[in-house]
Amino acid sequence: MVSDTREKFGIRAAKGMVWWLAGELICVIFNLCMLVFMIKFMAFKVFTAIASSLIANGLLINFAYNCAVRDRNLIKYHGVPHDPLMSVKIAIAAPLPQYVMWFVLLLSKLGVIGDVFNYFIWCNIQSLAWVDLFTSGRTIEFLSWGGLFGLLALMLVAPVCIILTYECTIREFDVKAWLFYGKK
């Protein structure tokens, strides 16, 4: 009976991708609203880049927190065994479309396939303002190798946030109390 209370990983991964998609849609609206200001002012580009990253990663943090609370309660009150790799699993599954599009962008940069830079931006809309800060065009020729790996680093913020949030929540580590009061 206990195994019936555990959420199936496929459903959890689908929920994570829905949270990722919600972040993308919010970032589309936000970036389109800020587009006029981003054209002329560098400060608005920086603000939009940071805000878009916070929006997209914040929703994934919320997803990881809710998963961890559910798992913690199942472990504590229903005797379900702890899956030590769950944080890594959801960190891979939730933003999976981002990883796929970065790999496709890498293939495009290597010349294996055609230019997919605009498709990459639409699938990773939170990176639009970052791309606009560092490149003058939206074709693969304008993207340097450093920029390509910079986009990878930007995308790897999401799994790091997911893993940290999940692990801190499952262990009942209160980050706020630790930061402000020095207590665990």
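This write-up is about the structure you can find in this document.

Cut-offs applied
Residues numbered from 1 in each chain as written. Predicted model: local features only at pLDDT ≥ 70, side-chain atom pairs only at ≥ 80, totals over all residues. Heavy atoms only, no water. Phe/Tyr/Trp six-rings, centres within 6.5 Å; stacked < 30°, edge-to-face > 60°. Helix = DSSP H or I, 4+ residues; strand = E, 2+ residues; numbered from the N terminus. Buried < 20%, exposed > 50% of the residue type's maximum accessible area, 1.4 Å probe, protein only. Axes fitted to C-alpha atoms, helices over the stretch in contact; angles between N-to-C directions. Parallel < 35°, antiparallel > 145°, perpendicular 65-115°, else oblique. Left-handed = near helix turned anticlockwise from the far one by under 90°. Contact = heavy atoms within 4.5 Å. Nonpolar A, V, L, I, M, F, W, Y, C, P; charged D, E, K, R; others polar. Core = buried A, V, L, I, M, F, W, Y, C linked by side-chain atoms within 4.5 Å. Patch = residues over 30% accessible without salt bridge, like charges linked within 9 Å, V, L, I, M, F, W, Y side chains within 5 Å. Areas by Shrake-Rupley, 256 points an atom, 1.4 Å probe, with all protein chains shown as cover. Salt bridge = Lys/Arg side-chain N within 4 Å of Asp/Glu carboxyl O.

## Overview of the packing of aromatic side chains
1) Next: Considering all chains together, one arrives at four aromatic pairs under this definition.
2) Next: Geometrically, the ring pair formed by F117 and F120 is stacked, given 6.5 Å between the ring centres and 5 degrees between the ring planes. Of this pair, F117 and F120 both sit in helix α5 (residues 117-123), three residues apart, which is roughly one turn of the helix. Note on accessibility: F117 and F120 belong to one class, buried.

## Re the packing of helix α2 (residues 42-78) against helix α8 (residues 157-170)
1) Next: Where α2 contacts α8, the axes come no closer than 8 Å and their chain directions differ by 30 degrees. Taken together, the axes of α2 and α8 lie roughly parallel to each other. Read as a crossing pair, α2 and α8 show a hand that is right-handed. Facing α2, whose interface residues are N57, L60, I61, A64, Y65, C67, A68, V69, D71, R72 and I75, α8 presents V157, A158, C161, I162, T165, Y166, T169 and I170.
2) Next: Residues of the contact of α2 with α8, tallied by class, amount to 14 nonpolar, three polar and two charged.

## Considerations on unusual backbone geometry
1) Next: Its identity as a non-glycine residue notwithstanding, E172 has a phi of 60 degrees, on the positive side.
2) Next: Along the chain, the position of E172 falls in the loop between α8 and α9 (175-181).

## As for the nonpolar core
1) Next: One finds W102, L105, F117, F120, I121, L143 and L151 to be the most contacted residues of the largest nonpolar core, which totals 20 residues.
2) Next: When residues of this core are traced back to their parent elements, those giving at least two are α1 (9-40), α4 (96-110), α5, α6 (128-134) and α7 (145-155).
3) Next: Residue contributions to this core peak at five residues, all from α4.
4) Next: Listed in part, the 14 residues of the second largest apolar core include F63, I90, A158 and Y166.

## Examining the packing of α7 against α8
1) Next: Remark: α7 packs on α8, axes separated minimally by 4 Å, with the N-to-C direction vectors making an angle of 20 degrees. With respect to α8, the element α7 is oriented roughly parallel. Each of A153, L154 and M155 in α7 lies in contact with α8, whose residues at this interface are V157, A158 and P159.
2) Next: For the contact of α7 with α8, the per-class residue count stands at six nonpolar, no polar and no charged.

## What to know about a nonpolar patch on the surface
1) Next: Side chains of L85, V88, I92, L96 and V100 sit close together on the surface and give an oily, nonpolar patch of about 410 Å² of accessible area.
2) Next: Of all elements in the fold, only α3 (86-93) and α4 reach the threshold of two or more residues within the nonpolar patch.
3) Next: Checked against the element boundaries, L96 lands in helix α4.
4) Next: On the basis of relative accessibility, which here comes to 35%, the residue L96 falls in the partly exposed class.

In short, the description is geometric, and any link to function would need to be established separately.
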